[in-house]
Amino acid sequence: TIDTWMLVQRKWMYLESIFASDDIKMQLPEEAKKFGKTDAAYKKIMEAAFKQPNVLQACVKADGGNRLSDLKNISFDLDKCQKSLTNYLETKQMAFPRFYFISNDDLLQILGSSDPKSIQGFLLSLFDGCKRLEFGKGDKQMVGMTSDEGENYDFFNPIKPEGNVEDWMNKVDEEMKSTLQTLCKIAVFNYAKADRIEWIRE
């Protein structure tokens, strides 16, 4: 019973910190509701154990001798919540494949925040060499990128962080490629132009 209890506790501690987020509750209302019921059942057992600290009573005699069975049911329900959460994260990763480069815990931190700047701490994992997204006045749009070495460039078309994070991160990805491609073309043109002017002078 104690072994099962400890297993349930580990699962509960992990999921409780996730479903405590209002944003996650909004994203996964059904799963949050199911977890709420399981959470209440687990807390009821914990309160009973606190009031009756005798191990024989808490593990064997409590709930009409069904304490182990109740804990196993809670463990099963927590597993279902975990599976739903994993499936949810996979849909986000499929929508923006660069999310596969970070852990599920890191992804949950991003999804659990309504602040677009929460992405900043994970950019080096998402984009090789990119340390920071530059935000414009009022933080209402992303206007460029800065590398780990301090190099930076401005987007030709600023991106507004609106809607789901995977949607506007895809737009950032596309604008990054488009801007760098255009900057390379401009650099090649200017180099060729300078080279031609030098040739004419000679």
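## Some thoughts on the packing of helix α3 (residues 29-51) against helix α5 (residues 67-95)
Argument step 1. Where α3 contacts α5, the axes come no closer than 10 Å and their chain directions differ by 150°. With respect to their mutual orientation, α3 and α5 come out roughly antiparallel. Where α3 crosses over α5, the two elements pack in a sense that is left-handed. Residue-level contacts link Glu 31, Lys 34, Phe 35, Thr 38, Ala 41, Tyr 42, Ile 45 and Ala 48 of α3 to Arg 67, Asp 70, Leu 71, Ile 74, Asp 77, Leu 78, Cys 81 and Ser 84 of α5.

## Describing the pairing of strand β2 (residues 142-147)
Argument step 1. In terms of burial, β2 is largely enclosed, as five of its six residues are buried.
Argument step 2. Bridging between strand β1 (residues 130-135) and β2 involves five bridges; their strand directions are antiparallel. Each residue of the ladder has a partner; that of Leu 133, found in β2, is Met 145.
Argument step 3. Counting the residues between successive antiparallel strands, the hairpin from β1 to β2 contains six residues, one of them, Gly 138, with a positive phi of roughly 80°.
Argument step 4. Turn length for the β2-strand β3 (residues 152-159) hairpin, with the two strands adjacent in sequence and antiparallel, is four residues, and the turn residue Gly 150 shows positive phi of about 95°.

## Details of the packing of aromatic side chains
Argument step 1. Considering all chains together, one arrives at five aromatic pairs under this definition.
Argument step 2. Relative to Tyr 42, the ring of Trp 12 has its centre 5.2 Å away and its plane inclined at 40°; by these criteria the two rings are tilted. Residue Trp 12 is found in helix α1 (residues 2-19), and its partner Tyr 42 is found in helix α3; the two are separated by 30 residues along the sequence.
Argument step 3. Given the relative accessible area of 2%, Tyr 42 is considered buried.
Argument step 4. Its end group placed over the ring of Phe 135, Lys 117 keeps NZ or CZ at 5.5 Å from the ring centre.

## Topic: the side chain of Thr 179
Argument step 1. Structurally, Thr 179 can be placed in helix α8 (residues 165-201).
Argument step 2. Residue class for Thr 179 comes out buried when judged on its relative accessible area of 0%.
Argument step 3. In this structure, Thr 179 is in contact with Tyr 153, Asp 154, Phe 155 and Phe 156, ignoring residues within four places of it in sequence.

## Some points on the layout of surface pockets
Argument step 1. Quantified by volume, the largest pocket comes out at close to 260 Å³.
Argument step 2. Of all the secondary-structure elements, those providing two or more residues to the lining of the largest pocket are α2 (22-27), α6 (104-111) and α8.
Argument step 3. Tallied by class, the residues present in the lining of the largest pocket amount to seven nonpolar, six polar and four charged.
Argument step 4. If you add up the space inside the second largest pocket, you get close to 150 Å³.
Argument step 5. For the second largest pocket, the full set of lining residues is Asp 128, Gly 129, Cys 130, Met 145, Thr 146, Ser 147, Glu 149, Glu 151, Asn 152, Tyr 153 and Leu 180.
Argument step 6. Elements with a minimum of two residues in the lining of the second largest pocket: β2 and β3.
Argument step 7. Here the lining of the second largest pocket gets three residues from one element, more than from any other, and that element is β2.

## Details of α1
Argument step 1. Taking 1.5 Å of rise per residue, 18 residues should cover 26 Å, and α1 covers 25 Å from first to last C-alpha, within 8% of that figure.
Argument step 2. When α1 is considered as a whole, its buried residues turn out to be Thr 4, Trp 5, Val 8, Lys 11, Trp 12, Leu 15, Ile 18 and Phe 19. All buried residues of α1 project into a common sector of 145° when viewed along the axis, lining one side. Exposed residues on α1 whose side chains face more than 90 degrees from its buried face are Asp 3 and Arg 10.
Argument step 3. Elements that come into contact with the buried residues of α1 comprise α2, α3, α4 (55-65), α5 and α6.

## A few points about unusual backbone geometry
Argument step 1. The residue Asp 63 is not glycine, and still its phi comes out positive at about 55°.
Argument step 2. Turning to its location among the elements, Asp 63 is positioned in helix α4.

## Overview of the sheet that holds β3
Argument step 1. In spatial order, the strands read β1-β2-β3; together these three strands make up an open sheet with antiparallel pairing. This sheet does not close on itself; its edge strands, each paired only once, are β1 and β3. Here the strands of the sheet are splayed against their neighbours by 25° on average, with no regard to which way each runs.

About the cut-offs
- Residues numbered from 1 in each chain as written.
- Predicted model: local features only at pLDDT ≥ 70, side-chain atom pairs only at ≥ 80, totals over all residues.
- Heavy atoms only, no water.
- Axes fitted to C-alpha atoms, helices over the stretch in contact; angles between N-to-C directions.
- Helix = DSSP H or I, 4+ residues; strand = E, 2+ residues; numbered from the N terminus.
- Parallel < 35°, antiparallel > 145°, perpendicular 65-115°, else oblique.
- Left-handed = near helix turned anticlockwise from the far one by under 90°.
- Contact = heavy atoms within 4.5 Å.
- Buried < 20%, exposed > 50% of the residue type's maximum accessible area, 1.4 Å probe, protein only.
- Pairing = 2+ DSSP bridges.
- Phe/Tyr/Trp six-rings, centres within 6.5 Å; stacked < 30°, edge-to-face > 60°.
- Lys NZ or Arg CZ within 6 Å of the ring centre and 35° of its normal.
- 1 Å grid on protein atoms, 1.4 Å probe; cavity = no way out; pocket = protein on both sides within 12 Å on 5 of 7 lines; lining within 4 Å.
- Points joined across faces, edges and corners; volume = space filled by probe spheres on them.
- Nonpolar A, V, L, I, M, F, W, Y, C, P; charged D, E, K, R; others polar.
- Expected span 1.5 Å × (residues − 1).
- Arc of directions from axis to C-beta.

Interpretation note: all reported values are geometric properties and have no functional meaning in isolation.
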